[in-house]
Amino acid sequence: RCEDEFEELWTNIDASKVADAAAGWTATAARAVKDLAQAGDGQKSLCHNSLRNRCTLPEALTTLRALLSETQGGAEVEEAAPA
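Before going into details, it helps to say that this report is about the structure given with it. (Residues numbered from 1 in each chain as written. Predicted model: local features only at pLDDT ≥ 70, side-chain atom pairs only at ≥ 80, totals over all residues. Heavy atoms only, no water.)

**Topic: the overall build of the protein**
Now for step 1: Along its length, the protein carries four helices and zero strands.
Now for step 2: Its helices and strands taken in sequence order, the protein reads α-α-α-α from the N to the C terminus.
Now for step 3: The burial tally for the protein puts 17% of its 83 residues in the buried class.
Now for step 4: Taking all contacts inside the protein whose residues are at least 6 apart in sequence as the whole, residues at least 24 apart take part in 18%. (Helix = DSSP H or I, 4+ residues; strand = E, 2+ residues; numbered from the N terminus. Buried < 20%, exposed > 50% of the residue type's maximum accessible area, 1.4 Å probe, protein only. Contact = heavy atoms within 4.5 Å.)

**Looking at the pattern of salt bridges**
Now for step 1: Under the criterion given, the structure shown has two salt bridges.
Now for step 2: Across the pair K17 and E8 runs a salt bridge, and its minimum N-O distance is 3.1 Å.
Now for step 3: Overall, the relative accessible area of 28% leaves E8 in the partly exposed class.
Now for step 4: E59 is paired through a salt bridge with K44; the nearest N and O atoms lie 3.8 Å apart. Taken together, the residues E59 in helix α4 (residues 57-71) and K44 in the loop between α3 (27-37) and α4 connect sequence positions 15 residues apart.
Now for step 5: Residue K44 is classed as partly exposed on the basis of its relative accessible area, which comes to 46%. (Salt bridge = Lys/Arg side-chain N within 4 Å of Asp/Glu carboxyl O.)

**Describing the environment of K44**
Now for step 1: Separated by 15 residues in sequence, K44 and E59 place their C-alpha atoms 9.4 Å apart.
Now for step 2: Among all residues touching K44, those that are not within four sequence positions of it are D35, A39, R52, N53, R54, C55 and E59.

**Notes on unusual backbone geometry**
Most of the time, phi is negative for any residue but glycine, and the peptide bond is trans.
Now for step 1: Residues other than glycine seldom take positive phi values, yet E7 does so here, at roughly 50 degrees.
Now for step 2: Along the chain, E7 turns up in the loop between α1 (2-6) and α2 (15-18).

These values are about where atoms sit, not about what they do.
Structure below.
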């Protein structure tokens, strides 16, 4: 969807175009989540074409927790109860 909307490949879309300040979605957060979904060559991401460069879910969770902690001013991030 984003590739169609911005008429670019996912890895070429500038994260600031994906950011939404009204939703609390800063350019920093957009860049981190964009790279986590699919980063360029040599970087681990969830949807990387190479299995060797796919990050694990625990690695992704660590990245998301760090991002959340940064946006909350370093406050402790409460862990969600398992479903």
